[in-house]
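Analysis of the macromolecular model
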Amino acid sequence: MRKVIGIGETILDIIFKDNQPIGAVPGGGAFNGVISLGRSGVECSFISETGNDRVGESIIRFARENGVNADNINVFPESKSPISLAFLDENNDAQYLFYKDHPHDKLDFTYPDVQPDDIVMFSSFYAVNPVIRTQVYGFLNYARQHGAILYYDVNLRPSHQHEVMKLKPNFLENLELADIVRGSKEDFQVLFKKDDPDKVFNTEVSFYCKNLVYTQGADPVVLRTKTVKKEYPVETTETVSTIGAGDNFNAGLVYGMMKYDITRETIEQGLTEEQWDQIIQCAQEFSANCCQSIHNSVSVDFGTKMAKELKTKEPKD
């Protein structure tokens, strides 16, 4: 059975509305997506680190309760788990403040088993952080050599604008490793000072990776590949919080790849328009469901429904 391996940070998101806390939920870019996939019947594991405190314990427990193997989440005795404060505005979009024990950034783990067509999800500053770059790159390269599909979500916040020159070599390496790249309009503004998806794809991405999914909030999702050029309108939905919207778009797209038997060979040959339609539909469904609560992942009920769909799908001979 194919599985998903996430690598990224874990964090506790404390969510504010009108300057009052309304909830605290485990988070982290790749982590949110893997939790949703675990709820949706996909075999998952997660590679990360956490502090030696109650927050770290609760994050590891939360992962396991949602069907995610947490054996590769390392606990470092002298570090504290990172915290983020997320302030929701009138549109329920978030502005963040991060509190992180950066001097204790480490990454020490045994490589999990990687089989052909397993999917590795990686994202955010974690994927380019110079302090742990050797370990992250080593695992990504190992996974690629073992036939895994690499799905990269750029997710680089404006707070890292001043570090772009230093981080760009790591970012370009990630593009080269990735089979599919997903980035938001804001990500590419931070990185390249460009907000035109065609310019981003043609001048910055396509040399390294042939598949770009470019999201822009409520505006259409833009798909650019070597064979397919398409836009997908985003359905208007009532949102409670958009914090996990992008992370769950990723989860839905990866779920769609599982559901519709998208393999590394399929990607190398070039997905058809119909195949992209199917997996982007899944991505939008996951994202829309997540936005209906303050939680960072899809609801348990939604996950149960997706798990049934995955189980009833006839595997190929």
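What comes next concerns the included structure. (Residues numbered from 1 in each chain as written. Predicted model: local features only at pLDDT ≥ 70, side-chain atom pairs only at ≥ 80, totals over all residues. Heavy atoms only, no water.)

Points about the overall build of the protein
- Within the protein one finds ten helices and 13 strands.
- Over its C-alpha atoms the protein spans a radius of gyration of 18 Å, differing by no more than 12% from the 20 Å that the globule rule assigns to 317 residues.
- Taking the principal axes of its C-alpha atoms as reference, the protein extends roughly 50 × 40 × 40 Å.
- In the protein, buried positions account for 57% of the 317 residues.
- For the protein, contacts bridging at least 24 residues in sequence account for 73% of all contacts bridging at least 6.
- Distance between charge centroids for the protein: 2 Å, based on 32 positive and 46 negative side chains. (Helix = DSSP H or I, 4+ residues; strand = E, 2+ residues; numbered from the N terminus. Rg over C-alpha atoms; globule rule 2.2 N^0.38 Å. Buried < 20%, exposed > 50% of the residue type's maximum accessible area, 1.4 Å probe, protein only. Contact = heavy atoms within 4.5 Å. Lys, Arg positive; Asp, Glu negative; His and termini not counted. Charge placed at Lys NZ, Arg CZ, Asp CG, Glu CD.)

Focus on the sheet that holds strand S3 (residues 20-27)
- Ordered in space as S3-S2-S6-S7, the four strands form an open sheet in which the pairing is mixed. What marks the edges here is a single partner per strand, and that holds for S3 and strand S7 (94-99). When the angles between neighbouring strand axes are averaged without regard to direction, this sheet yields 20°.
- Examined bridge by bridge, strand S2 (residues 11-17) and strand S6 (residues 83-88) share six bridges and lie parallel to one another. Bridging across to S6, Lys17 finds its partner in Leu88.
- Helix H2 (residues 54-65) rests against S2, S3 and S6 of the sheet, and its axis sits at about 95° to S2. (Pairing = 2+ DSSP bridges. Axes fitted to C-alpha atoms, helices over the stretch in contact; angles between N-to-C directions.)

Details of the environment of Ser45
- When you line up the elements, Ser45 lands in strand S4 (residues 43-51).
- Classification of Ser45 as buried rests on a relative accessible area of 11%.
- For the pair Ser45 and Ile73, spaced 28 residues apart in the sequence, the C-alpha separation amounts to 9.3 Å.

Things to note about the sheet that holds strand S13 (residues 229-232)
- Spatially, nine strands are ordered S5-S4-S1-S8-S9-S10-S11-S12-S13 in an open sheet, and the strand pairing comes out mixed. One side of each edge strand has no neighbouring strand; the edge strands of this open sheet are strand S5 (68-76) and S13. Across the sheet, the axes of successive neighbouring strands diverge by a mean angle of 15°, strand direction being ignored.
- Pairing of strand S1 (residues 3-7) with strand S8 (residues 119-123) involves four bridges; the strand directions are parallel. By the bridge assignment for S8, Gly6 is matched with Met121.

A look at the nonpolar core
- The biggest cluster of nonpolar side chains holds 51 residues, and the ones touching the most others in it are Val4, Leu37, Leu253, Met257 and Trp276.
- No other element matches helix H7 (residues 245-259), which puts seven residues into this core.
- Ignoring any residue separated from it by four or fewer positions in sequence, one finds Leu37 in contact with Val4, Val42, Cys44, Met121, Ala251, Val254 and Tyr255.
- Core analysis: the second largest hydrophobic core is formed by 40 residues, Phe125, Tyr126, Val164 and Phe171 among them. (Core = buried A, V, L, I, M, F, W, Y, C linked by side-chain atoms within 4.5 Å.)

Digging into helix H3 (residues 133-145)
- Here H3 is 13 residues long and its end C-alpha atoms lie 18 Å apart, about the 18 Å a rise of 1.5 Å per residue gives.
- Buried within H3 are the following residues: Arg133, Val136, Phe139, Leu140 and Ala143. Viewed end-on, H3 has its buried residues packed into an arc of 145°, placing them on one side of the element. Of the exposed residues in H3, those oriented more than 90 degrees away from the buried face are Thr134 and Gln145.
- Contacts from the buried residues of H3 go to S1, S4, S8, strand S9 (149-153) and helix H4 (164-177).
- With its phi angle positive at about 90°, Gly147 sits one or two positions after the end of H3. (Expected span 1.5 Å × (residues − 1). Arc of directions from axis to C-beta.)

Points about helix H6 (residues 197-205)
- Residues of H6 that are buried include every one of Pro197, Val200, Phe201, Glu204 and Val205, and no others. The buried residues of H6 all sit within an arc of 115° when viewed along its axis, so they share a single face. Turned more than 90 degrees away from the buried face of H6 sit Lys199, Asn202 and Thr203, all of them exposed.
- Its side-chain oxygen placed 2.8 Å from the backbone nitrogen of Asp198, Asp196 serves as the N-cap of H6. (Polar contact = N/O pair within 3.5 Å; in protein donor to acceptor, adjacent residues only side chain to side chain.)

Some details on the packing of aromatic side chains
- Going through the model one piece at a time under the given rule, you end up with 15 aromatic pairs.
- Between Tyr111 and Phe139 the ring centres are 5.5 Å apart and the planes differ by 65°, which places this aromatic pair in the edge-to-face class. Separated by 28 residues along the polypeptide, Tyr111 in the loop between S7 and S8 and Phe139 in helix H3 bring together distant segments of the chain.
- For Phe139, a relative accessible area of 0% translates into the label buried. (Phe/Tyr/Trp six-rings, centres within 6.5 Å; stacked < 30°, edge-to-face > 60°.)

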